[in-house]
Amino acid sequence: MDTPVQSFAVANLRRRPLVVETGGFVAGFDPDTTSPYINYATPLPGAEPTAADVAGLVAAFRDRGLKPRLEFAPDSAPLVERALLAAGFTVEAVHEYLVCTPATLTPPRYGNAPVPTVEAPGGDTDYAAIDAALSEAFAGEFTSSPEGAARLRRTEDGGGAVRFVRSPDGGCAGGAICSAPAVGTSELAGVGTRPDYRGRGIAAAVTAELAATMFGRGASSVWLEYSGEGSRRVYERVGFRPQGRRLYIALEG
């Protein structure tokens, strides 16, 4: 099975509000934030960038006051990492990605425990609650904001999906996001549960529901990255399987 993760990365960045294509790279920018996790670039599959190509990409970031940063599957463009390292980039991380298909998707099992009810957001209050819950779940890696809630809404309105489990106070206990399908696949990201609600199967529930939603919209696969062995086990239990690696690399200073 060949999941076109790098082709998806290109297509997904082309959905950003501002897109710059230069020297075999696609950079996607969102004027509402300076976050390097939203403003980044990726190479076209098979790209063979020159030093001048990399310099042009760096300039596209510097002109906007942003840190030059890329995310990509290195096997899809084997010469890119070497060119970036030669220009002074440093590797932030290498993550394995997992893939689920309709044939491998497995509904989570809860035994005698209550089954979490997964919902789609119903309005601005829900989007704000999900954004706040994910900020808490990721220990403040990003600050919840009206702009963050608006990005969640754009994901849903643009053919992707946002799903969450409601907390007893009417807010959000945990949730996740799935981008709109492109080139036959979709990325599931931002799976997070507030600390007080962990261990209740929420991550598995929203992950399985989002994958099923994308399959219902015609995707032949859904992929994600995991942050630790605990989360990997959760994803594998609902049908995700290892398939490749993704490289995160940036130019500091």
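Residues numbered from 1 in each chain as written. Predicted model: local features only at pLDDT ≥ 70, side-chain atom pairs only at ≥ 80, totals over all residues. Heavy atoms only, no water.

## Description of the pairing of strand S8 (residues 172–178)
Right, on to step 1. Among the seven residues in S8, seven count as buried, and that is most of the element.
Right, on to step 2. As judged from the six bridges shared by strand S7 (residues 161–166) and S8, these two strands associate in the antiparallel manner. Bridge pairing in S8 links Arg 166 to Cys 172.
Right, on to step 3. In this sheet, strand S9 (residues 185–193) lies alongside S8 in antiparallel orientation, the contact comprising four bridges. (Buried < 20%, exposed > 50% of the residue type's maximum accessible area, 1.4 Å probe, protein only. Helix = DSSP H or I, 4+ residues; strand = E, 2+ residues; numbered from the N terminus. Pairing = 2+ DSSP bridges.)

## Structural notes on helix H4 (residues 124–137)
Right, on to step 1. Relative to the 20 Å expected for 14 residues at 1.5 Å per residue, H4 spans 20 Å between its end C-alpha atoms, a close match to the ideal helical length.
Right, on to step 2. The complete set of buried residues in H4 reads Asp 126, Tyr 127, Ile 130, Asp 131, Ala 133, Leu 134, Ser 135 and Ala 137.
Right, on to step 3. Its buried side turned inward, H4 meets helix H5 (146–157), S7, S8 and S9. (Expected span 1.5 Å × (residues − 1). Contact = heavy atoms within 4.5 Å.)

## A short note on the pattern of salt bridges
Right, on to step 1. Here the structure, examined in full by the defined rule, presents 17 salt bridges.
Right, on to step 2. Taking the shortest distance from any N to any O, the salt bridge between Glu 71 and Arg 69 comes out at 2.7 Å.
Right, on to step 3. Its relative accessible area of 1% is what places Arg 69 among the buried residues.
Right, on to step 4. For Arg 246, the salt bridge is made with Glu 225, and the minimal N-O distance between the two is 2.7 Å. Here Arg 246 is found in strand S11 (residues 241–250), whereas its partner Glu 225 is found in strand S10 (residues 221–225), with 21 residues between them in sequence.
Right, on to step 5. Since its relative accessible area comes to 2%, Arg 246 is described here as buried.
Right, on to step 6. Relative accessible area serves as the criterion here: at 17%, Glu 225 is assigned to the buried category. (Salt bridge = Lys/Arg side-chain N within 4 Å of Asp/Glu carboxyl O.)

## Regarding a nonpolar patch on the surface
Right, on to step 1. A surface patch of nonpolar side chains, about 220 Å² in accessible area, is lined by Leu 85, Val 91 and Val 94.
Right, on to step 2. Counting through the fold element by element, Val 94 comes out in strand S5 (residues 90–100). (Patch = residues over 30% accessible without salt bridge, like charges linked within 9 Å, V, L, I, M, F, W, Y side chains within 5 Å. Areas by Shrake-Rupley, 256 points an atom, 1.4 Å probe, with all protein chains shown as cover.)

## Some words on the side chain of Ser 167
Right, on to step 1. With respect to the helices and strands, Ser 167 occurs in the loop between S7 and S8.
Right, on to step 2. In this structure Ser 167 touches Cys 172, Ala 173, Arg 194 and Tyr 197, once residues within four positions along its chain are discounted.

## A short note on the pairing of S10
Right, on to step 1. Within S10, five of the five residues are buried, which leaves it mostly tucked inside the rest of the structure.
Right, on to step 2. Burial of S10 is two-sided: the residues Ser 221, Trp 223 and Glu 225 facing one way and the residues Val 222 and Leu 224 facing the other way are all buried.
Right, on to step 3. Across four bridges, the pairing between S5 and S10 is antiparallel. Looking at S10, one finds that Tyr 97 is bridged to Glu 225.
Right, on to step 4. Where S9 meets S10, three bridges bridge the pair, whose relative direction is parallel. Counterpart to Glu 187 in the pairing with S10 is Trp 223.
Right, on to step 5. In terms of handedness, the path from S9 via helix H6 (residues 202–216) over to S10 forms a crossover that is right-handed. (Right-handed = clockwise from strand over helix to strand, strands pointing away.)

## Points about the environment of Tyr 37
Right, on to step 1. Residue position: Tyr 37 is located in the loop between strand S2 (25–29) and strand S3 (40–43).
Right, on to step 2. Note: C-alpha distance between Tyr 37 and Ala 219 (182 residues apart in sequence) is 24 Å.
Right, on to step 3. Filtering out sequence-adjacent residues up to four positions away, Tyr 37 remains in contact with Arg 69 and Glu 71.

## Some points on the side chain of Glu 156
Right, on to step 1. Within the secondary structure, Glu 156 sits in helix H5.
Right, on to step 2. The class for Glu 156 is buried, based on a relative accessible area of 19%.
Right, on to step 3. Side chain to side chain, Glu 156 and Arg 163 meet in a polar contact 3.3 Å long.
Right, on to step 4. With sequence-adjacent residues up to four places away left out, Glu 156 is seen in contact with Pro 121, Tyr 127, Ala 161, Val 162, Arg 163 and Arg 217. (Polar contact = N/O pair within 3.5 Å; in protein donor to acceptor, adjacent residues only side chain to side chain.)

## Things to note about the packing of H4 against H5
Right, on to step 1. Taken N-terminus to C-terminus, the directions of H4 and H5 make an angle of 115°; their axes are 8 Å apart at the nearest point. Taken together, H4 and H5 sit at an angle that is classed as roughly perpendicular. The handedness of the crossing between H4 and H5 is right-handed. Where H4 approaches H5, its residues Asp 124, Tyr 127, Ala 128, Ile 130 and Asp 131 are matched on the opposing element by Gly 148, Ala 149, Leu 152, Arg 153 and Glu 156. (Axes fitted to C-alpha atoms, helices over the stretch in contact; angles between N-to-C directions. Parallel < 35°, antiparallel > 145°, perpendicular 65-115°, else oblique. Left-handed = near helix turned anticlockwise from the far one by under 90°.)

That is the geometry; function is a separate question.
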